[in-house]
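Reading the structure
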Amino acid sequence: MDDIAKVVKEHTFGTWRKQRDWNPITVTKAEGVYFYDSQGKRYLDLSSQLVNVNLGYGNKRVIESIKEQLDKLQYISPAFATEVRMKAVKSLLKVMPRSITKFFFSTSGTEANEAAIKIARLVKNPKYKIIARYRSYHGSTYGSISLTGDYRRWFAEPHIPGGVVRIPEPYCFRCPLKLKYPDCNLACANYVEYVIRNEHNVAGIILEPITGTNGVVVPPKEYLPTVRKIANENDVLFIADEVMTGWGRTEEWFAVNTWGIEPDILTTAKSATASYVPIGITGVSKEIGEFFEDNFFAHGHTFEAHPISLSAIPAVIEEFERLDLLSHVKAMGKYLGERLMELKERHKSIGDVRGVGLFWAVEFVKDKNNTPFATYEDKYKGNTSSVDKVAKKLLDEGVYVFNGPSWFVISPPLIIKKEEIDEAIDKLDKVISELDKEYRE
Ligand code: PMP
């Protein structure tokens, strides 16, 4: 650790870990799909950090747009109208699903989901329960961690009083219901109706259209349309958490477009500003917007609709158009998927490769029964897994991946080129051999 990292480690928190295990690298600059440490060593960012630097680093147009806003108006209370807020909204309306027509702006995905829960409860009052899935992440503050299904929720018990009901997810690689698609007849989706009927007071259901941090779980094609239909028929709001899946990651502006779903509430964050400035967005339908005409909108923050954050949004959307990025994601996604499948052929410790666009998971197993290298219980105890160690080896080789207990999330900046994918695959190929050594026939 250099002197910078020592001070950072001593006086600030490294999150989601025991502090003793945190040995941060000092990063000094970044460009395109690469970032650099204080020794000048280069790292290919194969996960866009936390699946959020979708335009890569150093996009001049986005930077310029933020700088211009800083010169014009740095801050004003959200009670005032601003030109930058008008422009952000006009751009968003061009790319959001048609059902979404009104927005609340905050500064993170967590806050976007906090607002979503509150809105759902206000609109559907006296119904107040929210359905969420076990294999999910929706944020770290009390409301959103209560929605979250993975081990991170365990640290925050007891949760918000009343009202989060959890359901199994369409994780076909290890079906929680021990069924096989398509013979299962979408049991996990149909179960939602049973839960709604029996819980009675359900205001909304929140889903990541493709589960993100918990291993890029792409649902079977009928899953989301089925859940959307059940929500409609039972007067339950459908909330799509697109914090990770939005902004071109899946070849579409938003993942719900893949299945033609129109959510009642859509939350997003991360790459709406290319991550150069913080943002959280809670988009709602016309009906929800109208509800608040005569009902108190009981929510808000000092940094809500911050001019500097909003200034990046139109520039991001223009960059997508100028670079024809959705087509590029489609082409590069196909190539990346093929290359990852080749790795699966070569490495017995790869149990599954799944994904869409530039959003993939490589899931590792240590035997033919698909036993994972580590579980949520291991993460909860703060144990390091062999997969963590191999991710560290990969970093030494100059490639960064964001990993779960037994998988890598492969989600490079959307601007990535073929040669850069090849560079990453070569390094992956090398380090995954370490996991093969632990595989038991
Ligand atoms: N929802 C999803 C699906 C996420 O992936 C994340 C962050 N990984 C969040 C919510 C929380 O967003 P943030 O970290 O910006 O608070």
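Residues numbered from 1 in each chain as written. Predicted model: local features only at pLDDT ≥ 70, side-chain atom pairs only at ≥ 80, totals over all residues.

- Per an unreviewed UniProt entry, the recorded name for the protein chain is Aminotransferase class III-fold pyridoxal phosphate-dependent enzyme, and the organism is Stygiolobus azoricus.
- Recorded in UniProt for the protein chain, the comment headed Sequence similarities (unreviewed entry) runs: "Belongs to the class-III pyridoxal-phosphate-dependent aminotransferase family."
- The Cofactor (unreviewed entry) field of the UniProt record for the protein chain holds the comment "pyridoxal 5'-phosphate". (UniProt positions renumbered as here; feature names shortened; annotations may be inferred.)

**With respect to the site of the ligand**
- Around the ligand, a shell composed of 15 residues is seen, among which Ser108, Gly109, Thr110, Val243 and Met244 lie nearest.
- If you tally residues by element for the shell around the ligand, the top one is helix α5 (residues 109-124), at 3 residues.
- For the shell around the ligand, a count of residues per class yields 5 nonpolar, 8 polar and 2 charged. (Near = placed C-beta within 6 Å. Helix = DSSP H or I, 4+ residues; strand = E, 2+ residues; numbered from the N terminus. Nonpolar A, V, L, I, M, F, W, Y, C, P; charged D, E, K, R; others polar.)

**Some details on the domain arrangement of the protein chain**
- For the protein chain, the domain assignment lists domain 1 (3-58 + 324-438) and domain 2 (60-322).
- Between the C-alpha centres of domain 1 and domain 2 there is a distance of 25 Å.
- Between domain 1 and domain 2, the contact holds 30 residues from the first and 28 residues from the second.
- Among the elements that take part in the side of domain 1 that touches domain 2, helix α11 (residues 325-346) stands out by supplying 5 residues, more than any other. (Domains from an automatic or database assignment. Contact = placed C-beta atoms within 7 Å.)

**Considerations on α5**
- Between its first and last C-alpha, α5 extends 22 Å over 16 residues, near the 22 Å set by a 1.5 Å rise per residue.
- In terms of burial, α5 is a largely internal element, 14 of the 16 residues being buried. (Expected span 1.5 Å × (residues − 1). Buried ≥ 20, exposed ≤ 12 C-beta atoms within 10 Å, placed from the backbone.)

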